[in-house]
Amino acid sequence: MTMIALFKNRLAYLSLSLILLVAAFPLVSIGMSRGPAALWWLGLLALGCGGLIPPLQRILLGPPASEPQSDDGQPASRKGESKS
């Protein structure tokens, strides 16, 4: 999977961003207290990457496409459903 393909799937890039952000805090904490200094740097890198993924997606590909609307203002996918 290429990086551009990852940025086109909203769920994938937001999930990756969340995982990096959640993983960053224990890495930084362990690296600062009792672990090797490399863990601190790895946590800082994960924090930076996790925080930059959503803005980079917006810059590179623009906002996510909205669902097409029908003439009556309803989403096109719901046009055939009954209103009960």
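Residues numbered from 1 in each chain as written. Predicted model: local features only at pLDDT ≥ 70, side-chain atom pairs only at ≥ 80, totals over all residues. Heavy atoms only, no water.

Examining the overall build of the protein
So, point 1. Looking only at helices and strands, the protein features 3 helices and 0 strands.
So, point 2. For the protein, the succession of helices and strands along the chain, N to C, is α-α-α.
So, point 3. Within the protein, the fraction of its 84 residues that count as buried is 15%.
So, point 4. Taking as baseline every contact in the protein between residues at least 6 positions apart, the subset at least 24 positions apart corresponds to 41%.
So, point 5. In the structure as shown, the protein presents an accessible area of about 6400 Å², 68% of it carried by carbon and sulfur atoms. (Helix = DSSP H or I, 4+ residues; strand = E, 2+ residues; numbered from the N terminus. Buried < 20%, exposed > 50% of the residue type's maximum accessible area, 1.4 Å probe, protein only. Contact = heavy atoms within 4.5 Å. Areas by Shrake-Rupley, 256 points an atom, 1.4 Å probe, with all protein chains shown as cover.)

A look at helix α2 (residues 10-33)
So, point 1. The end-to-end C-alpha separation of α2 is 36 Å, in line with the 34 Å expected for 24 residues at 1.5 Å each.
So, point 2. Within the span of α2, buried status applies to Y13, S17, A24 and G31. (Expected span 1.5 Å × (residues − 1).)

Notes on the packing of aromatic side chains
Two descriptors summarise a pair of aromatic rings, namely the distance from one centre to the other and the angle between the planes of the rings.
So, point 1. Throughout the structure, instances matching the rule amount to 1 aromatic pair.
So, point 2. Aromatic pair W40 and W41: ring centres 4.7 Å apart, planes at 90°, arrangement edge-to-face.
So, point 3. Here W40 falls in the partly exposed class, since its relative accessible area comes to 24%. (Phe/Tyr/Trp six-rings, centres within 6.5 Å; stacked < 30°, edge-to-face > 60°.)

Quick notes on the confidence of the model for the protein
So, point 1. The share of residues in the protein with pLDDT of 70 or more is 75%, and the mean pLDDT across the chain is 82.
So, point 2. Looking at the elements of the protein, mean pLDDT is at its lowest for helix α1 (residues 3-8), recorded as 71, and at its highest for α2, recorded as 93. (pLDDT = per-residue confidence, 0-100.)

Digging into the side chain of S17
So, point 1. Assignment of secondary structure puts S17 in helix α2.
So, point 2. A distance of 2.5 Å separates a polar atom in the side chain of S17 from the backbone oxygen of G50.
So, point 3. When neighbours within four sequence positions are excluded, S17 is seen to be in contact with G50, I53 and P54. (Polar contact = N/O pair within 3.5 Å; in protein donor to acceptor, adjacent residues only side chain to side chain.)

Concerning the side chain of Q57
So, point 1. The topology assignment puts Q57 in helix α3 (residues 37-61).
So, point 2. Excluding its chain neighbours within four sequence positions, the residues that come into contact with Q57 are F7, Y13 and G62.

Some points on a nonpolar patch on the surface
So, point 1. Taken together, the side chains of I4, L52, L56, I59, L60 and L61 define a hydrophobic patch exposed on the protein surface, amounting to about 570 Å² of accessible area.
So, point 2. Of the residues forming the nonpolar patch, the biggest block, 5 residues, is contributed by α3. (Patch = residues over 30% accessible without salt bridge, like charges linked within 9 Å, V, L, I, M, F, W, Y side chains within 5 Å. Salt bridge = Lys/Arg side-chain N within 4 Å of Asp/Glu carboxyl O.)

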